[in-house]
Amino acid sequence: GAGKTTLLSALFGDKDLAQGTVHLRGEPLFRNKRRSSRRRHVASEMGYVRQRDIFIEALTVKETLLFTARLRMPEASNAEVAARVAAVVHDMGLQQTLDTTIGSTMRRGISGGELKRVNIAAELLGMPKVLLLD
């Protein structure tokens, strides 16, 4: 009710600003860009962990993070992708969940807390300079 999600969406470029500008390192972040190009531009600088997770429920945590890493690191080799995933998994304490499916309300998988950590890990794979957590 206080507008936290709206604020984070505006900072990330998902919402149009009624007035004002968003700056990062003293430079305007969006400078008259359309919403789709704002997202691409901001994604190179910021990660955004949304309230609702969007994962494929049938995939394991490992499959999810490898898939996400390949999208975030298109120029990286398989070894570099695997190393980045391993580092983030270690940092987020997800080693025990790697072979467990994400799951859903209808299909048992990882816990809610583990799901939130997977969501954070997926954003960290892109090595953002700023991480917004909703």
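Residues numbered from 1 in each chain as written. Predicted model: local features only at pLDDT ≥ 70, side-chain atom pairs only at ≥ 80, totals over all residues. Heavy atoms only, no water.

(A) Region of interest: the side chain of Glu-123. Mapped onto the elements, Glu-123 comes out in helix α5 (residues 112–124). At 3.2 Å, the side chain of Glu-123 forms a polar contact with the backbone nitrogen of Tyr-48. (Helix = DSSP H or I, 4+ residues; strand = E, 2+ residues; numbered from the N terminus. Polar contact = N/O pair within 3.5 Å; in protein donor to acceptor, adjacent residues only side chain to side chain.)

(B) The environment of Gly-112, seen in detail. Locating Gly-112 in the fold gives a position in helix α5. A residue is classified by how much of its surface remains accessible, and Gly-112, at 55% relative accessible area, is exposed. Taking the C-alpha atoms as reference points, Gly-112 and Ile-102, separated by 10 residues in sequence, lie 9.8 Å from one another. (Buried < 20%, exposed > 50% of the residue type's maximum accessible area, 1.4 Å probe, protein only.)

(C) Inspection of the environment of Arg-72 at higher detail. Tracing the backbone shows Arg-72 in helix α3 (residues 61–72). By relative accessible area, Arg-72 is classed as partly exposed at 38%. Residues Arg-72 and Leu-124, spaced 52 residues apart in sequence, show a C-alpha to C-alpha distance of 9.8 Å. Not counting residues up to four positions away in its chain, the partners in contact with Arg-72 are Ala-122, Glu-123 and Gly-126. Of note is the side chain of Arg-72, whose polar atom sits 3.2 Å from the backbone oxygen of Ala-122. Within the local environment of Arg-72, its side chain forms a polar contact with the side chain of Glu-123, the two groups lying 3.1 Å apart. (Contact = heavy atoms within 4.5 Å.)

(D) Inspection of the pattern of salt bridges at higher detail. The final tally for this structure, using the stated rule, is one salt bridge. The residue Arg-72 makes a salt bridge to Glu-123 at a minimum N-O spacing of 3.1 Å. Of this pair, Arg-72 sits in helix α3 while Glu-123 sits in helix α5, and the two are 51 residues apart along the sequence. For Glu-123, a relative accessible area of 12% translates into the label buried. (Salt bridge = Lys/Arg side-chain N within 4 Å of Asp/Glu carboxyl O.)

(E) Structural view of the environment of Gly-13. Considering the arrangement of structural elements, one finds Gly-13 in the loop between α1 (4–12) and β1 (23–24). Along the chain, Gly-13 and Leu-29 lie 16 residues apart, while their C-alpha atoms are 8.8 Å from each other.

(F) Quick look at the packing of α3 against helix α4 (residues 78–92). One way to put it is that α3 packs onto α4 with a least axis distance of 10 Å and a crossing angle of 125°. The angle between the axes of α3 and α4 places the two elements in the oblique class. The two elements α3 and α4 cross, and the hand of that crossing is right-handed. Packed against α3, whose contacting residues are Leu-65, Leu-66, Ala-69 and Arg-70, the element α4 presents Asn-78, Val-81, Ala-82, Val-85 and Val-89 at the interface. When grouped by side-chain class, the residues that make up the contact of α3 with α4 number seven nonpolar, one polar and one charged. (Axes fitted to C-alpha atoms, helices over the stretch in contact; angles between N-to-C directions. Parallel < 35°, antiparallel > 145°, perpendicular 65-115°, else oblique. Left-handed = near helix turned anticlockwise from the far one by under 90°. Nonpolar A, V, L, I, M, F, W, Y, C, P; charged D, E, K, R; others polar.)

(G) Here's a closer look at α4. Over its 15 residues, α4 runs 21 Å from end to end, which matches the ideal 21 Å to within 8%, given 1.5 Å per residue. Contacts from the buried residues of α4 go to α3 and α5. Directly after α4, the chain includes Gly-93, whose backbone phi takes a positive value near 65°. (Expected span 1.5 Å × (residues − 1).)

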